[in-house]
Amino acid sequence: MESFNELNISKQMQYAIADLGFEKPTPIQAQSFSVIMSGTDMVGIAQTGTGKTFAYMLPILQDLKFSKETNPRVLVMVPTRELVLQVVEEIEKFGKYASIRVIGVFGGTNINRQKEAVAEGADIIVATPGRLYDLVVSRALQLKAIKKVVIDEVDVMLDLGFRFQLTNILELLPTKRQNIMFSATMTDEVNVFIHDFFIAPTTVSVAVSGTPLENISQFAYAVPNFYTKANLLKHLLQNEKDFKKVLIFVPNKKSADLLFDILDEFFGSEVAVIHSNKTQNYRIRSIENFNAEKTRILVTTDVMARGLDLDQISHVINFDVPNFPENYMHRIGRTGRAEQDGTAILLYTEKENDAKESIETLMDLKIKELDFPSEVEISKQLTYEEQPQVVEINNPNNMEEVGPAFHEKKEKNKKENQGGSYKRIIKQKYKKPKTRGDKNFRKNKRGK
Ligand code: AMP
């Protein structure tokens, strides 16, 4: 789209846009405007930096007529205090042209001052879910006039564990309302959330564009299970010369911790992990070390990796196959940046083959298959999720027939054994020093 004139934007808004120096709408703005104006529910898939804030604010502001109503008519929920401030600031840029009353509320600050601000009346309230809920419960804020609700960065909110608060708030809102949601990544959790609260939403997506596929060499290995994937990964990462800066994507926090433990045992301080259960300080340190090339390998979940400015990644390794092909594009887009060459490797099991094919269809490209290296051990060990599930819970005598899973040790006991034997094999193969078990190894390394 060449200019904002092509959208049905009011004169007033056009002046404001010209003032901001914006020449034409970004793709997400061009696509969202008429959908939001039409009043249907909308799901937008877009990352920060695509202009997504104005993508929802432009049509909302244009539609917001002057009113003496004290209670807010538009609610914007975002996951962090920083985003509250940022969104309020963006809205205020339009203040010169339309008298919009906007208030930002977030936790960690004095609630009484926010109560006073709310009592004065507002058109738009921008909030983190926890504080918003507190204000509603204490009756400082009424939600009965809300006509439109925007939930921004839903993936981050759900990953931070805000589902409960979000659900509570949505249930307090008038049923007749427009729901607008933005997420950078589609996850199963986001999908369930949409299903629960949205009515026939229109999806607008700009996630795929801009991934520099031509700079990225893509490879895939067929691997039978999690622990064999870990074995292959360890084998590949031995090659320090090529695997200079490696970002490894895993599907969730649990896999992140499990894989980190396995890699940590072998690569020690070369590897770090980030996910939303780690403290902020830990995450910041992990990212700083990775950027400063103090750690070579970073294990991450999709949601945590977004928003990170990571440069010069030599390899992106997909430890699982994302169910939503767009997420694969996000992941591999972390390498091959700024004209540099990058490599993306996908490890997939038989079960994940369909998801891999969806990705190939989306890219219109077949990922080059590499032979599984014969020297890598194929593990028979299965994670809890990979084990055959037992349906017959009432008949303990039948357990014998269920399969190998029942004869094995509990998950937490298994991990140690696997590590020990593996370490011995690998040590013979690569003559690498032990990192865990040899208690002095790290101490000495650090002490130097
Ligand atoms: P966002 O993705 O909403 O965080 O926006 C990223 C940045 O792009 C913000 O600093 C906006 O002010 C800016 N921006 C939004 N829309 C446009 C546009 N149409 N043209 C140029 N810059 C824009």
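Since this is a predicted model, take the numbers as computed values, not measurements.

1. Notes on the environment of Lys253
Take Lys253: it is sitting in helix α11 (residues 253-267). Each C-alpha atom, one on Lys253 and one on Lys278, is 9.5 Å from the other, the two residues being 25 residues apart in sequence. Setting aside anything within four residues of it in sequence, one finds Lys253 in contact with Asp159, His275, Ser276, Asn277 and Thr301. Within the structure, Lys253 has its side chain in polar contact with the backbone oxygen of Asp159 (distance 3.2 Å). Looking at Lys253, its side chain comes within polar contact range of the side chain of Ser276, at 3.4 Å.

2. Digging into the UniProt feature "domain: DEAD-box RNA helicase Q" (unreviewed entry) in the protein chain
Those places that UniProt annotates as "domain: DEAD-box RNA helicase Q" (unreviewed entry) correspond, in this numbering, to residues 2-30. Helix and strand shares over residues 2-30 are 48% and 0% respectively, and the end C-alpha atoms of the span are 10 Å apart.

3. Observations regarding the side chain of Thr335
Mapping Thr335 onto the fold places it in the loop between α14 (325-332) and β13 (342-348). At a separation of 2.7 Å, a polar atom in the side chain of Thr335 contacts the main-chain carbonyl oxygen of Ile313. The contact partners of Thr335, leaving out residues within four places of it in the chain, are Ile216, Ile313, Ser314, His315, Val316, Gly342 and Thr343.

4. Thoughts on the sheet that holds strand β2 (residues 74-77)
Sheet architecture is open: seven strands sit in the order β3-β4-β2-β5-β6-β1-β7, paired in parallel fashion. The strands lining the two open edges of the sheet, one partner per strand, are β3 (102-105) and β7 (202-205). In this sheet, neighbouring strand axes are inclined to one another by 15° on average, regardless of whether the strands run parallel or antiparallel. The sheet contact formed by strand β5 (residues 148-151) and strand β6 (residues 178-183) spans four bridges and is parallel. Within β6, the position partnered with Val150 by the bridge is Ile180. Those strands touched by helix α6 (residues 129-137) are β2, β3 and β4 (124-127), and its axis lies near 140° from that of β2.

What counts and how
- Residues numbered from 1 in each chain as written.
- Predicted model: local features only at pLDDT ≥ 70, side-chain atom pairs only at ≥ 80, totals over all residues.
- Heavy atoms only, no water.
- Helix = DSSP H or I, 4+ residues; strand = E, 2+ residues; numbered from the N terminus.
- Contact = heavy atoms within 4.5 Å.
- Polar contact = N/O pair within 3.5 Å; in protein donor to acceptor, adjacent residues only side chain to side chain.
- UniProt positions renumbered as here; feature names shortened; annotations may be inferred.
- Pairing = 2+ DSSP bridges.
- Axes fitted to C-alpha atoms, helices over the stretch in contact; angles between N-to-C directions.

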